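This is what each chain is made of:
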Amino acid sequence: MAEYHAQNKAKLISETRRRFEAEYVTDKPDKYDPRDVERLQQDDNWVESYLLWRHNVVDETLKMLDESFQWRKEMSVNDLTESSIPRWLLEIGGIYLHGYDKEGNKLFWIRVKYHVKDHKTMLDKKKLIAFWLERYAKRENGKPVTVMFDLSETGINSIDMDFVRFIINCFKVYYPKYLSKMVIFDMPWIMNAAFKIVKSWLGPEAVSLLKFTSKNEVQDYVSVEYLPPHMGGTDPFKYSYPPLVDDDFQTPLCENGPIASEDEASSKEDIESDGKETLETVSNEEQTTLLKKINVSEHTSKAEENEKVDSKMKAFKKPLSVFKGPLLHISPAEELYFGSTESGEKKTLIVLTNVTKNVVAFKVRTTAPEKYRVKPSNSSCDPGASVDIVVSPHGGLTVSAQDRFLIMAAEMEQSSGTGPAELTQFWKEVPRNKVMEHRLRCHIVESSKPTTLTLKDSAFNMSDKTSEDLYLQLNRLLESNRKLEDQVQRCIWFQQLLLSLTMLLLAFVISFFYLLYS
């Protein structure tokens, strides 16, 4: 069945390419950006995303490709850069990428209160949307985003249905399969009618992706660590520009240092602090020799600890999935699997294999640098060789599905050294377009061990959980009731106003006829 599905997919992709070239490109080659046409012939995932959005109906897929490619050329999407966008638009902070939802999807923030309807600036705002989506698409290659439509503090001047329709079309036509969901936060009642129109634009299949939320419901989709305070969250992030928001990746803890479990941490830290200044000036290969010279007793202790680490390393299973990049093959391909606290094995392994004829420098970055120790996080890999990178949570901190890792790699010249100083200088000078990047998500494997809770403890926990659920449901019910009361009050007020106007009009008519016939 799987083989048949793969063959059918390949057949549909081939047919789409052939027909698009013959029916759309041949007659009007200047209609599209040639870079998009070339990518269509080379990128299977891109073709597949259009096919899936059109339920594998080739005729509909071709129409969608035609519309999408024309738009991409009209907007010069392939050439959009920071300099293409007016600086004031980037500074205001109305549109940006930051954080993750509970499913690990990137959050695409649209702060509606910063938008003022103005046809003179509409094209620039559309380019800003396209800039962020294209930037994300090139990095993540098909992974969806969650749109956070923040309507808090929104006034009537911010309501711009043309702009909303453009955003809908971006996900419906131009970036198919990139929309995970659209979270609408704190929508004013006056906009209810407007969003009924939005639902019609999305179509019946995509309407389920709309999630209308208040401060209580929004946490069902995004954890508090990635929500701002006005949404009930704890995220300290404050938008500023320059530079562009890039909260994705930073250098992790203990760069190129030894990996320590919690029970080994204190002794390891002592060793690290004793040799810190010297270790910064030598290569990884020299570190072991230097530590041996520090003290004979320390050498013995260190050897015992290394045996423990090595014995644990033998238990690691080599990842099976492989991402085949131009410089490195990276395994696993997409997700790092961490054991749960109960399972006892929280470390994981990344395997890099150099597929070039030159030395490849690499470094590892993460979205949560305070959580993880990585060894090595900045080193090099010889031609044809493989390097095992050990990643482990630090200080008892919990692995989250929102955490990400970035592998950066670049080919070095044969004459370049591979010591810390040479690597630091290399990364300062290497052109951005020469750097290969690959991203990995985190996944927590739940323990299969049976629970040791007694029946009494289990019942107590279940009671607590049930009570908590009932409390949350009650809060939501009270919030819904409050909203209903507000709407009823508005209706009553409106009816009273209408009655007053009617009585006033009736009094005016009576007075008019009285004066006319008196």
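Given the structure is predicted, the values throughout are model-derived calculations rather than measurements.

Student: Pulling in residues and values, what's your account of a nonpolar patch on the surface?
Tutor: On the surface, Leu 499, Met 503, Leu 506 and Ile 510 cluster together into a nonpolar patch covering about 420 Å² of accessible area. With respect to the helices and strands, Met 503 occurs in helix α13 (residues 455-517).

Student: Explain the pairing of strand β4 (residues 179-185) to me, using residue names and the numbers behind them.
Tutor: Looking along a regular strand, one sees the side chains alternate between the two faces of the sheet. Here β4 lies mainly inside the structure; 7 of its 7 residues are buried. Here β4 runs beside strand β5 (residues 210-213); their pairing, made up of 4 bridges, is parallel. For Phe 185, the partnering residue across the bridge sits in β5 and is Thr 213.

Student: Explain the packing of helix α2 (residues 34-42) against helix α3 (residues 44-53) residue by residue, including any values.
Tutor: Contact geometry for α2 and α3: axes closest at 6 Å, N-to-C directions at 90°. Relative to α3, the element α2 is oriented roughly perpendicular. In this structure, α2 uses Asp 36, Arg 39, Leu 40 and Gln 42 to contact α3, whose residues at the interface are Asp 44, Trp 46 and Val 47. Residue classes in the contact of α2 with α3 are distributed as 3 nonpolar, 1 polar and 3 charged.

Student: So, unusual backbone geometry: which residues are in play, and what are the values?
Tutor: With an omega dihedral of 5°, the bond running from Ser 331 to Pro 332 counts as a cis peptide bond. Along the chain, Pro 332 falls in the loop between β7 (328-331) and β8 (335-339). Geometrically, the link from Lys 375 to Pro 376 is a cis peptide bond, its omega value of -15° lying close to zero. With respect to the element layout, Pro 376 can be found in the loop between β11 (372-375) and β12 (378-381). The phi torsion at Ser 76 lies on the positive side, around 50°, for a residue other than glycine. With respect to the helices and strands, the residue Ser 76 is situated in the loop between α4 (58-74) and α5 (87-92). Note on Ser 76: relative accessible area 36%, which makes it partly exposed. Unusually for a residue other than glycine, Lys 177 sits at a positive phi of about 70°. Position of Lys 177 among the secondary structure elements: in the loop between α7 (161-174) and β4.

Student: A description of the pattern of salt bridges should follow, citing residues and the corresponding values.
Tutor: Scanning the entire structure with this criterion turns up 21 salt bridges. Put simply, Asp 66 and Lys 31 hold a salt bridge, and the shortest N to O gap is 3.1 Å. Here Lys 31 lies in the loop between α1 (2-25) and α2 and Asp 66 lies in helix α4, a separation of 35 residues in the sequence. Relative accessible area serves as the criterion here: at 13%, Asp 66 is assigned to the buried category. A salt bridge links Arg 87 to Glu 91; the nearest nitrogen and oxygen atoms lie 2.7 Å apart. Taken as a pair, Arg 87 and Glu 91 lie in helix α5 at a separation of 4 residues, close to a single helical turn. Through salt bridges with shared partners, one network takes in Glu 15, Arg 19, Glu 23 and Asp 59.

Student: I'd like a description of the packing of aromatic side chains, backed by residues and values.
Tutor: Applying the stated rule across the entire model yields 19 aromatic pairs. Ring centres 6.0 Å apart and planes at 70° place the aromatic pair Trp 46 and Tyr 50 in the edge-to-face group. Taken together, the residues Trp 46 and Tyr 50, both in helix α3 and 4 residues apart, mark about one turn of the helix. Measuring from centroid to centroid gives 4.9 Å for Tyr 372 and Phe 405, while their planes differ by 70°, and the two rings are edge-to-face. Remark: Phe 405 occurs in strand β14 (residues 404-411) and Tyr 372 occurs in strand β11; sequence separation between them is 33 residues. Both residues of the pair, Tyr 372 and Phe 405, count as buried.

Student: Explain α4 to me, and be specific about the residues and the numbers.
Tutor: Here α4 is 17 residues long and its end C-alpha atoms lie 24 Å apart, about the 24 Å a rise of 1.5 Å per residue gives. Here α4 has its buried residues at Val 58, Thr 61, Leu 62, Met 64, Leu 65, Asp 66, Ser 68, Phe 69, Trp 71 and Arg 72. Within two residues after α4, Ser 76 carries a phi angle of roughly 50°, on the positive side.

Student: For the nonpolar core, give the residues involved together with the corresponding values.
Tutor: By size, the foremost hydrophobic cluster in this structure holds 72 residues, and its most contacted members are Phe 108, Ile 129, Trp 132 and Phe 149. When residues of this core are sorted by domain, at least three fall in each of domain 1 (1-77) and domain 2 (86-231). The residues contacting Ile 129, other than those within four sequence positions of it, are Ile 95, Phe 108, Ile 110, Phe 163, Phe 166, Ile 167 and Cys 170. Core analysis: the second largest hydrophobic core is formed by 24 residues, Val 364, Ile 389, Val 399 and Ala 409 among them.

Student: Please set out the side chain of Glu 134 residue by residue, giving values where relevant.
Tutor: Topologically, Glu 134 is positioned in helix α6 (residues 122-140). At 3.0 Å, the side chain of Glu 134 forms a polar contact with the side chain of Arg 72. Excluding residues within four positions of it along the chain, Glu 134 makes contact with Arg 39, Arg 72, Val 77, Asn 78 and Tyr 175.

Student: So what's going on with the side chain of Lys 371? Which residues, and what values?
Tutor: As for its position among the elements, Lys 371 is in the loop between β10 (360-366) and β11. Overall, Lys 371 belongs to the buried group, its relative accessible area being 13%. In terms of polar contacts, Lys 371 uses its side chain to reach the side chain of Asp 403, at 3.2 Å. Leaving out residues up to four positions away in the same chain, Lys 371 has contacts with Ser 392, Pro 393, His 394, Leu 397, Thr 398, Ser 400 and Asp 403.

Scoring rules and cut-offs
Residues numbered from 1 in each chain as written. Predicted model: local features only at pLDDT ≥ 70, side-chain atom pairs only at ≥ 80, totals over all residues. Heavy atoms only, no water. Patch = residues over 30% accessible without salt bridge, like charges linked within 9 Å, V, L, I, M, F, W, Y side chains within 5 Å. Areas by Shrake-Rupley, 256 points an atom, 1.4 Å probe, with all protein chains shown as cover. Salt bridge = Lys/Arg side-chain N within 4 Å of Asp/Glu carboxyl O. Helix = DSSP H or I, 4+ residues; strand = E, 2+ residues; numbered from the N terminus. Buried < 20%, exposed > 50% of the residue type's maximum accessible area, 1.4 Å probe, protein only. Pairing = 2+ DSSP bridges. Axes fitted to C-alpha atoms, helices over the stretch in contact; angles between N-to-C directions. Parallel < 35°, antiparallel > 145°, perpendicular 65-115°, else oblique. Contact = heavy atoms within 4.5 Å. Nonpolar A, V, L, I, M, F, W, Y, C, P; charged D, E, K, R; others polar. Phe/Tyr/Trp six-rings, centres within 6.5 Å; stacked < 30°, edge-to-face > 60°. Expected span 1.5 Å × (residues − 1). Core = buried A, V, L, I, M, F, W, Y, C linked by side-chain atoms within 4.5 Å. Domains from an automatic or database assignment. Polar contact = N/O pair within 3.5 Å; in protein donor to acceptor, adjacent residues only side chain to side chain.

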